[in-house]
Amino acid sequence: MTARYRVSPGSSVSGRIRVPGDKSISHRSLMLGGLASGATEVTGFLSSADCLATLEAQRRMGVTVEQLGPHHLRVHGVGAKGLQAPDGVLDMGNAGTAIRLFMGLLAGQPFGSTLTGDASLRKRPMERVAGPLRLMGAHIETTEGKPPVRIHPVSRLNAIDYALPMASAQVKSAILLAALRAEGTTHVTEPAPTRDHTERMLEAFGVSLRREPGQVWLTGGQPLTGTPISVPGDISSAAFFLVAGAIAGQAGFTIENVGINPTRTGVIDILKLMGADIRLHPRDASGAEPTADIEVRASNLKGIHVPEELVPLAIDEFPVLFIAAACAEGETIVSGAEELRVKESDRLAVMAEGLKRLGIPHELQPDGIRIQGGHRFQGGTIDSHGDHRIAMAFSVASLRADGEILVEDVENVGTSFPGFVDVARAAGLSVEPA
Ligand code: S3P
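In this text the structure is predicted, and so the values were computed from the model without any measurement.

(A) Geometry of the overall build of the chain. Each helix and strand in the chain was counted, giving twelve helices and 25 strands. Computed over C-alpha atoms, the radius of gyration of the chain comes to 21 Å, within 12% of the 22 Å expected from 2.2 N^0.38 for 434 residues, which places it in the range of a compact globule. Counting only C-alpha atoms, the chain reaches 60 × 45 × 40 Å along its principal axes. Looking at the chain alone, contacts between residues at least 24 apart form 74% of all its contacts between residues at least 6 apart. Summed over its atoms, the accessible surface of the chain is roughly 15,200 Å², and 49% of this surface lies on carbon and sulfur atoms. On the chain, the mean spot of the 41 positive side-chain charges and the mean spot of the 48 negative ones are 1 Å from each other.

(B) Spatial organisation of the nonpolar core. Counting 83 residues, the largest nonpolar core has F241, L271, F318, F322, F377 and F394 as its most contacted members. Counting residues per element, this core draws most heavily on helix 7 (residues 235–248), at eleven residues. Setting aside its immediate chain neighbours within four residues, F318 contacts I270, V306, V311, V334 and L340. Judged by nonpolar contacts, the second largest core, of 67 residues, contains V75, L83, A95 and V231.

(C) Representation of the domain arrangement of the chain. According to the domain assignment, the chain contains domain 1 (4–21 + 232–433) and domain 2 (23–224). The C-alpha-based centres of domain 1 and domain 2 are spaced at 28 Å. Contact residues are listed per partner, giving 26 residues for domain 1 and 24 residues for domain 2. When the area that domain 1 buries against domain 2 is broken down by residue, the three leading residues are R264, E344 and T415, summing to 25%. Linking domain 1 with domain 2 are three salt bridges. A salt bridge links R128 to E339; the shortest N-O distance between them is 2.9 Å. Split by residue class, the side of domain 1 that touches domain 2 holds ten nonpolar, eight polar and eight charged.

(D) Fine view of unusual backbone geometry. In this structure, the amide linkage connecting P147 to the following residue, P148, adopts the cis form with an omega of 0°. Looking at where P148 falls in the secondary structure, it is placed in strand 9 (residues 146–152). Notably, N257 is not glycine yet its phi reads approximately 55°, a positive angle. With respect to the secondary-structure elements, N257 resides in strand 17 (residues 254–259). The phi dihedral of D409 is positive, around 70°, even though this residue is not glycine. By the element assignment, D409 lies in the loop between strand 24 (405–408) and helix 12 (420–427).

(E) Seen up close, the packing of helix 7 against helix 11 (residues 388–396). Where helix 7 meets helix 11, the axes come as close as 10 Å, and the angle between the chain directions of the two elements is 15°. With respect to their mutual orientation, helix 7 and helix 11 come out roughly parallel. Between helix 7 and helix 11 lies a crossing of right-handed hand. For the pair formed by helix 7 and helix 11, the contact residues are S236, F240, V243, A244 and I247 on the first element and R389, M392, A393 and V396 on the second. When grouped by side-chain class, the residues that make up the contact of helix 7 with helix 11 number seven nonpolar, one polar and one charged.

(F) Representation of helix 6 (residues 197–204) within the structure. Buried residues dominate helix 6, accounting for six of its eight residues. Those residues of helix 6 that fall on the buried side of the exposure criterion are H197, T198, E199, R200, M201 and L202. Contact partners of the buried residues in helix 6: helix 1 (23–35), helix 5 (169–179), strand 14 (209–212), strand 15 (215–219) and strand 16 (229–230). Just downstream of helix 6 lies G206, where phi reads positive at about 95°.

Quick notes on the rules
Residues numbered from 1 in each chain as written. Predicted model: local features only at pLDDT ≥ 70, side-chain atom pairs only at ≥ 80, totals over all residues. Heavy atoms only, no water. Helix = DSSP H or I, 4+ residues; strand = E, 2+ residues; numbered from the N terminus. Rg over C-alpha atoms; globule rule 2.2 N^0.38 Å. Contact = heavy atoms within 4.5 Å. Areas by Shrake-Rupley, 256 points an atom, 1.4 Å probe, with all protein chains shown as cover. Lys, Arg positive; Asp, Glu negative; His and termini not counted. Charge placed at Lys NZ, Arg CZ, Asp CG, Glu CD. Core = buried A, V, L, I, M, F, W, Y, C linked by side-chain atoms within 4.5 Å. Buried < 20%, exposed > 50% of the residue type's maximum accessible area, 1.4 Å probe, protein only. Domains from an automatic or database assignment. Buried area = accessible area lost by both parts, 1.4 Å probe. Salt bridge = Lys/Arg side-chain N within 4 Å of Asp/Glu carboxyl O. Nonpolar A, V, L, I, M, F, W, Y, C, P; charged D, E, K, R; others polar. Axes fitted to C-alpha atoms, helices over the stretch in contact; angles between N-to-C directions. Parallel < 35°, antiparallel > 145°, perpendicular 65-115°, else oblique. Left-handed = near helix turned anticlockwise from the far one by under 90°.

Have a look at this one:
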């Protein structure tokens, strides 16, 4: 039997909590730290299954990573030409960011490599990355568009001018990592701004980029120099508690030290449009990534049509935003969100199935959903389909539930949020492993 959560109906959340480090930034700290010359000390690192897959892959290619504490690493970079051929297939587990960014990083190497992942990752599209990398001269084969991915050695890559067909930070980042090894200046245009952690971190490592909204230029051949990296709390993990607070937060409920990079704060903007009472107390704007303590208290939420330009800026937060929508007065409409269908699960279909189980009326659309809010959740059993964010989202629903919610297939919560049960219990949720 798979691991489950038993979540009892609860009333409120309170106090001050912290969430683990940012997953996107943690992956990138290992990848760029490995390519740099000198050491990179990383604090606040997310020691989750996804990031540990990246760490293990780096070690297998000759990068030494010292573990100085549970969330404190020292990465000894091997320099631009120092990576070694791995001794076998690199298994990225559930991590889409790891496989796609490594495709870019390995595309221009003089050795071959094969990348694969778990059953969920092996269903996810990789041609969106392989396509532009081939235009740069990479020799890459996917398996009917999916992992395993075989990368053959090449002697050089050339710069490209590429317009992304979809808003994807992973595709943009893979191209930028390949561009570091390419001759000439690569130019990437995105249809809408997406998270810019790669660009910010490259600059921290001494790479010069030209940036305009939705566009970036990078000239190949620039060296990276090791630099300290402080990883903030992950706003995608904080999101579960932002919604918990918006539906059941007592005054003073605060999530401390959360990354508030403007390319990640769509969840705050959307909740505020719904009428949430969210207050940001800025902490530190001096590093590459700004942080804040975020205070949120219960208010009467109302349904909205989520502005489509906010979708890429909140792309990982929709599962729990659908829980907020179910609690809000009136209808919430999400459109232009077809990317949700190719995440760790088909998040539109899996959330719709769960909302139905808990008695929430909704209409699933090809690119979104319409949710009729103003309801309490009835108790029931949810199949998370092995998707960490679905499992955590339905745990939050318990705050407005009339019966017990049993969430099945929750092992993968550890891919992004080790210790979720402890943090949730500290906030006031009645969740326990079952
Ligand atoms: C990520 C980008 C997003 C996001 C994922 C992490 C990243 O994926 O959903 O969780 O770290 O670059 P896409 O690029 O597929 O939108």
